[in-house]
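The primary structure of each chain is shown beneath.
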Amino acid sequence: MATRVLPPALLPVLLLLLLPLSARVNVAAGEEFPRDGRVIDLDESNFEAALGAIDFLFVDFYAPWCGHCKRLAPELDEAAPVLAGLSEPIVVAKVNADKYRKLGSKYGVDGFPTLMLFIHGVPIEYTGSRKADQLVRNLKKFVAPDVSTLESDTAIKNFVENAGTSFPMFLGFGVNESLIAEYGRKYKKRAWFAVAKDFSEDIMAAYEFDKVPALVAIHPKYKEQSLFYGPFEGNFLEDFVRQSLLPLVVPINTETLKMLNDDERKVVLTIVEDDSDENSTQLVQVLRSAASANRDLVFGYVGIKQWDEFVETFDVPKSSQLPKLLVWDRNEEYELVEGSERLEEGDQASQISQFLEGYRAGRTTKKKVSGPSFMGFLNSLVSLNSLYILIFVIALLVVMVYFAGQDDTPQPRRIHEE
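Residues numbered from 1 in each chain as written. Predicted model: local features only at pLDDT ≥ 70, side-chain atom pairs only at ≥ 80, totals over all residues. Heavy atoms only, no water.

A. The arrangement of unusual backbone geometry in detail. Of note, the bond from V212 into P213 is cis; its omega dihedral lies within 30 degrees of zero at 0°. With respect to the helices, strands and loops of the structure, P213 is situated in the loop between α9 (201-206) and β9 (214-219). Here the amide bond leading from G230 into P231 is cis, since omega sits at 5°, within 30 degrees of zero. Structurally, the position occupied by P231 is in the loop between β10 (224-228) and α10 (236-244). Located in the positive-phi region is H120, a residue other than glycine, with phi close to 55°. Structurally, H120 is set in the loop between β4 (114-119) and β5 (122-126). The exposure class assigned to H120 is exposed, which follows from its relative accessible area of 54%. Notably, E208 is not glycine yet its phi reads approximately 60°, a positive angle. Relative to the assigned elements, E208 resides in the loop between α9 and β9. (Helix = DSSP H or I, 4+ residues; strand = E, 2+ residues; numbered from the N terminus. Buried < 20%, exposed > 50% of the residue type's maximum accessible area, 1.4 Å probe, protein only.)

If you want it as structure tokens, here you go:
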């Protein structure tokens, strides 16, 4: 029987097919991509190769003339080595999308900078903080499992420590992972989820539960913790998770206002003079007790000193007697409770209870906000930088027209000497 010999010309093809996909991409691209924490430059010639070679690729689509891009660059330089050292390494890259416009257009880049995390080649636009430390924390969340499985007390402690304080976390004790897997996927960008398979009585004492199954919601940033014993079916579980994504009492600012966009509850808004002074801190503690007993409402507070523009939309000038209470529908309307418009000195807990009783009984006066609606505020936050850029461009055009006009002024005729 004759032996067939593979033609020499086909040997390179066979070797190429036997290589792993990532290696094949790099061979095709003719280069290796560094994974040592440097920010790498990509363009149209090697971008697709990078997607094939790198599981988690964070890309800055920038323009050299963009001021925001220039300020972002050192933050990325600082974050890149930390991201490269994660258990699931993230490589940071940049693309000059002003030069390589076809590549930018392919991924929907219509402004600078545009940040995207490619997970196994699939793009997810990143719109979170651009500060190095926050960027690291946020991206760690993107590449983490939807639900982590913890097998010991040590694993629980390490999980909580590594999660940091930027996101709330949900720890299930004696909870079947399948029960919270859906919410781990749905709220992946907003919270950490884990189930503990084995734990001691010390852990039960630390997280203040005495039976299982139990789901503990923790807000490290606000030092808050709440407990859910079930039922774990129907809407009960999702209601608890959704409501616990926010702290019991929310400080209203540009960041938390965006978070309210995903919550359908009305907001019991407390307006104070200065949200950082001692009186406001004590009032927040009282509001927490009320919020815990009224989870169908969001409780928030804002200082007129910190955000007077927002406060004035509720017809509360700086000369008003504060604190003041109202219920806001998160859009264009708010309600004042008759006889409970403001908190007096004394037993503020009783006054808040009276306010809530009046609201639920319908003893309210409805009013319209005098400024932007909720979405108007969100849009104003997004478009503020665009407004600054527009003003700058107009000013630049005015200067250019002015100097162009100077060039048109008659010049004295020059006499040529023989």
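B. Seen up close, the packing of helix α4 (residues 67-84) against helix α6 (residues 132-143). Direction vectors running N to C along α4 and α6 enclose 40°, while the axes themselves pass 8 Å from each other. In terms of their interaxial angle, α4 and α6 are classed as oblique. α6 is crossed by α4, and the crossing has right-handed handedness. Of the residues in α6, those in contact with E75, L76, E78, A79, V82 and L83 of α4 are A132, L135, V136 and L139. (Axes fitted to C-alpha atoms, helices over the stretch in contact; angles between N-to-C directions. Parallel < 35°, antiparallel > 145°, perpendicular 65-115°, else oblique. Left-handed = near helix turned anticlockwise from the far one by under 90°. Contact = heavy atoms within 4.5 Å.)

C. Main features of the sheet that holds strand β7 (residues 169-173). Ordered in space as β6-β8-β7-β9-β10, the 5 strands form an open sheet in which the pairing is mixed. A single partner strand is all that each edge strand has here, and the edge strands are β6 (148-150) and β10. The average angle at which neighbouring strand axes cross in this sheet is 20°, direction not considered. Pairing of β7 with strand β8 (residues 192-196) involves 5 bridges; the strand directions are parallel. From the neighbouring strand, M169 faces β8, where its bridge partner is W192. (Pairing = 2+ DSSP bridges.)

D. Quick peek at the packing of aromatic side chains. Under the criterion given, the structure shown has 22 aromatic pairs. Between F173 and F199, the aromatic rings sit 5.1 Å apart at their centres with planes inclined by 80°, giving edge-to-face as the arrangement. Here F199 lies in the loop between β8 and α9 and F173 lies in strand β7, a separation of 26 residues in the sequence. Grouping aromatic residues by their ring pairs yields a cluster made of F170, F193, F228, F232 and F240. (Phe/Tyr/Trp six-rings, centres within 6.5 Å; stacked < 30°, edge-to-face > 60°.)

E. Quick peek at helix α7 (residues 153-163). When we look at burial in α7, the residues that qualify are I156, F159 and A163. Seen from one end, α7 has its buried residues packed into an arc of 65°, which puts them on one side. Of the exposed residues in α7, those oriented more than 90 degrees away from the buried face are T154, K157 and E161. On its buried face, α7 is in contact with β6, β7, β8 and α9. (Arc of directions from axis to C-beta.)

F. Representation of the sheet that holds strand β13 (residues 298-303). One open sheet holds the 6 strands; their spatial order is β11-β13-β12-β14-β15-β16, and the pairing between them is mixed. Both edges of this open sheet fall to β11 (249-251) and β16 (364-368), since each of them pairs with a single strand only. Strand-to-strand twist in this sheet, taken as the mean axis angle between neighbours without regard to direction, amounts to 30°. Direction of pairing for strand β14 (residues 324-328) relative to strand β15 (residues 333-337): antiparallel, over a ladder of 2 bridges. From the neighbouring strand, W328 faces β15, where its bridge partner is Y334. Packing of helix α14 (residues 348-360) onto the sheet brings it into contact with β12 (267-272), β13, β14, β15 and β16, and relative to β14 it is tilted by some 35°.

G. Up close: the environment of V91. Looking at the secondary structure, you find V91 in strand β3 (residues 91-96). Put simply, V91 and P34 are 57 residues apart on the chain and 8.5 Å apart in space, counted from C-alpha to C-alpha. Excluding its chain neighbours within four sequence positions, the residues that come into contact with V91 are P34, R35, I40, I54, F56, L57 and F58.

H. Geometry of α4. Taking 1.5 Å of rise per residue, the 18 residues of α4 would be expected to cover 26 Å, and the 26 Å separating its terminal C-alpha atoms lies within 8% of that figure. At E78, α4 shows its largest bend, some 25°, and a proline, P81, comes one to four positions later. Along α4, the residues that are buried comprise C69, L72, E75, L76, A79, A80 and L83. Residues of α4 that are buried make contact with β2 (56-62), β3, β4 and α6. (Expected span 1.5 Å × (residues − 1). Bend = angle between axes of the 7 residues up to and from the residue.)

I. Up close: the environment of A73. Tracing the backbone shows A73 in helix α4. According to the relative accessible area criterion, A73 is partly exposed, its value standing at 34%. Placed 13 residues apart in sequence, A73 and D60 show a C-alpha to C-alpha distance of 9.0 Å.

J. Highlighting the pairing of β12. Of all 6 residues in β12, 6 are buried, a share of seventy percent or more. Taking every second residue as pointing to the same face, both faces of β12 are buried, with V267, L269 and I271 on one and V268, T270 and V272 on the other. In terms of strand pairing, β12 meets β13 through 6 bridges, oriented parallel. Residue pairing in the sheet places I271 in a bridge with V302 of β13. After leaving β12, the chain enters helix α12 (residues 278-293) and then returns to the sheet as β13, a path that is right-handed. Bridge count for β12 against β14 is 5 bridges, and the pairing is antiparallel. Across the sheet, residue L269 finds its bridge partner in β14, namely L326. (Right-handed = clockwise from strand over helix to strand, strands pointing away.)

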